[in-house]
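# Notes for the structure review
Chain by chain, the residues:
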Amino acid sequence: MWRRFGSFERSVRLLMVNQFAINIGFYMLMPYLAGHLSGGLHLAGWTVGLVLGVRNLSQQGLFLLGGTLADRLGYRPVIIAGCLLRTAGFALLGFMDAVPALVAASAMTGFAGALFNPAVRAYLAHDSGQRRVEAFALFNVFYQAGILIGPLLGLALMTVNFQLVCAAASAVFAVLTVLQLLALPPRGTRGEARAGVLADWRTVAGNRPFLLFSLAMAGSYVLSFQLYLALPLELGDTGAVSLLFVVSALVAIAGQLRITEWARGRWSGPQAVVRGLTLMAIAFVPLMAPAPDGLRTAGVMACTVLLAVGGALTYPFEMDTVVTLSKERLVATHYGLYNTVAGIGITAGNLLVGAMLGGSRVWIVLTVVGSLCALAVSMLNRAGVLAAEAVPAQAGP
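Now for a look at the structure at hand. Values in this document were obtained by computation on a predicted structure and should not be read as measured data.

The next point concerns the pattern of salt bridges. Scanning the entire structure with this criterion turns up 10 salt bridges. We note a salt bridge from Glu 134 to Arg 131, for which the minimum N-O separation is 2.9 Å. With a relative accessible area of 27%, Arg 131 lands in the partly exposed category. One salt bridge connects Glu 328 with Arg 132, and the closest N-O pair in it is separated by 3.4 Å. Placement of the pair is Glu 328 in the loop between helix 14 (293-326) and helix 15 (331-356) and Arg 132 in helix 7 (residues 132-158), with a sequence separation of 196 residues. Residue classification places Arg 132 among the buried residues on the basis of a relative accessible area of 10%. What you see here is one network of salt bridges that share partners, running through Arg 4, Arg 131, Glu 134, Glu 261 and Arg 264.

Spelled out as structure tokens, the structure:
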């Protein structure tokens, strides 16, 4: 892994380290925010839901805007602005107790994610060139490592108080802001988008192969999100729930590069995505039959491992396919809309899953959703929709 890491140019390495630190800072704080709002500040349940919901809404709802800004202004300034916003937002969450200030801080942290997420991925795709799949595989290792370490650091700091957690998380993003100001080279397609924002959005929305792929993949995000919803509720025990995240992250960290290399030697990108989605669908099969508590826990862990392996197989090729379908124009805007579609899918899927929790129906439905996603991507691939030639080259600005 370190040899591969060192073989990329400095900007790509810096983006991977940045994402590692971004996830450390985010997951250091966010798992403990609800407890602070309800237990520390004694806010009503609806207020806690409002603060947390605003963060999610501002991120998912503004991904397209964040991607558009990255394409129009360049990736570097948008990434820096996102880190600066999250520095301020996390500081406010720790040291403010007025509800309007907390809502504003939550919106800031969400918009920050909407800014740097599409920009980072577009920047990574740009600078890794023909090694995009390999770069995204390694990127996911750093991504998952941050998810693994962040909550552990947050838990240790929570033994002092929540304000220390917020100060530490804010400091992480402050350091990232300075680091990127000093070391991240300017990059992107600045000057490419001159026809206006609405024209850019029409261009992306009119990319039919990209939209079909986005819709086909939306269900996969519903499946992976069950690590936060259905699987923890199935376990109930807090210690076992923590183990879910550890197992998921470790599978990705230890297996991502091997899985990607193995898949590249056997399948095309879309074929690898289909097989990854199939694995994610199969993951819920062990939970369909009634079982005693011990076997139930084993079934949940097996589901977690299969979801992690399927996600590791899918992710690098999925990210590469988005770039291919964009014809390398307005890449960040494409990623922004892709994330928005995924967010809508997660919201709708969670409403459906939440209504069916408590029986085997939910696992059957999730398996069907994953199977339909795999079938849809397979049909698109067989029809030639996911080929590089599917999107005609756009005229220059």
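The rest of the description comes next.
Glancing now at the packing of helix 4 (residues 45-73) against helix 9 (residues 197-205). Orientation of helix 4 relative to helix 9, taken along the N-to-C sense of each, is 110 degrees, at an axis distance of 11 Å. Here helix 9 runs roughly perpendicular to helix 4, going by the angle between their axes. At the point where helix 4 passes helix 9, the crossing takes the right-handed sense. Across the interface between the two elements, Leu 64, Thr 68 and Arg 72 of helix 4 pack against Val 197, Asp 200 and Trp 201 of helix 9.

According to the stated counting rule, one finds 0 disulfides in the structure shown. There is no disulfide at Cys 166, and the cysteine sulfur nearest it, in Cys 83, is 17 Å away. Judged by its relative accessible area of 0%, Cys 166 falls in the buried class. The thiol of Cys 303 is unpaired, and the distance to the nearest cysteine sulfur, on Cys 373, comes to 15 Å. Relative accessible area serves as the criterion here: at 0%, Cys 303 is assigned to the buried category.

It is worth spelling out the packing of aromatic side chains at this point. Two measures describe an aromatic ring pair: the distance that separates the ring centres and the angle between the ring planes. Counted under the stated rule, the structure contains 18 aromatic pairs. With centroids separated by 6.5 Å and ring planes inclined at 65 degrees, the aromatic side chains of Phe 136 and Tyr 335 adopt a geometry described as edge-to-face. Taken together, the residues span a long stretch of sequence, with Phe 136 in helix 7 and Tyr 335 in helix 15 at a distance of 199 residues. Each member of the pair, Phe 136 as well as Tyr 335, carries the same accessibility label: buried. Judged by centre distance (6.4 Å) and plane angle (40 degrees), the rings of Phe 139 and Tyr 143 are tilted.

Our next topic: the layout of surface pockets. Of the volumes computed, that of the second largest pocket is approximately 310 Å³. Those elements giving two or more residues to the lining of the second largest pocket turn out to be helix 7, helix 13 (269-282) and helix 14. Class assignment for the residues of the lining of the second largest pocket results in 8 nonpolar, 6 polar and 5 charged.

As a further point, take helix 8 (residues 162-183). With 22 residues, helix 8 should reach 32 Å at 1.5 Å per residue; the first-to-last C-alpha distance of 31 Å fits that figure. Looking at the buried residues of helix 8, the elements they touch are helix 2 (10-29), helix 3 (33-40), helix 5 (75-95), helix 6 (99-128) and helix 7. Structurally, the start of helix 8 carries an N-cap: the backbone nitrogen of Gln 163 is 3.2 Å from a side-chain oxygen of Asn 161.

Core analysis: the largest hydrophobic core is formed by 111 residues, its most contacted members being Met 16, Leu 29, Tyr 75, Ile 79, Leu 231 and Val 377. The biggest single contributor to this core is helix 14, with 12 residues. Non-local contacts of Leu 231, meaning those with residues more than four positions away in its chain, are made with Gln 226, Leu 244, Leu 287, Val 300, Cys 303, Thr 304, Leu 307 and Trp 363.

Rules used throughout
- Residues numbered from 1 in each chain as written.
- Predicted model: local features only at pLDDT ≥ 70, side-chain atom pairs only at ≥ 80, totals over all residues.
- Heavy atoms only, no water.
- Salt bridge = Lys/Arg side-chain N within 4 Å of Asp/Glu carboxyl O.
- Buried < 20%, exposed > 50% of the residue type's maximum accessible area, 1.4 Å probe, protein only.
- Helix = DSSP H or I, 4+ residues; strand = E, 2+ residues; numbered from the N terminus.
- Axes fitted to C-alpha atoms, helices over the stretch in contact; angles between N-to-C directions.
- Parallel < 35°, antiparallel > 145°, perpendicular 65-115°, else oblique.
- Left-handed = near helix turned anticlockwise from the far one by under 90°.
- Contact = heavy atoms within 4.5 Å.
- Disulfide = S-S within 2.5 Å.
- Phe/Tyr/Trp six-rings, centres within 6.5 Å; stacked < 30°, edge-to-face > 60°.
- 1 Å grid on protein atoms, 1.4 Å probe; cavity = no way out; pocket = protein on both sides within 12 Å on 5 of 7 lines; lining within 4 Å.
- Points joined across faces, edges and corners; volume = space filled by probe spheres on them.
- Nonpolar A, V, L, I, M, F, W, Y, C, P; charged D, E, K, R; others polar.
- Expected span 1.5 Å × (residues − 1).
- Polar contact = N/O pair within 3.5 Å; in protein donor to acceptor, adjacent residues only side chain to side chain.
- Core = buried A, V, L, I, M, F, W, Y, C linked by side-chain atoms within 4.5 Å.

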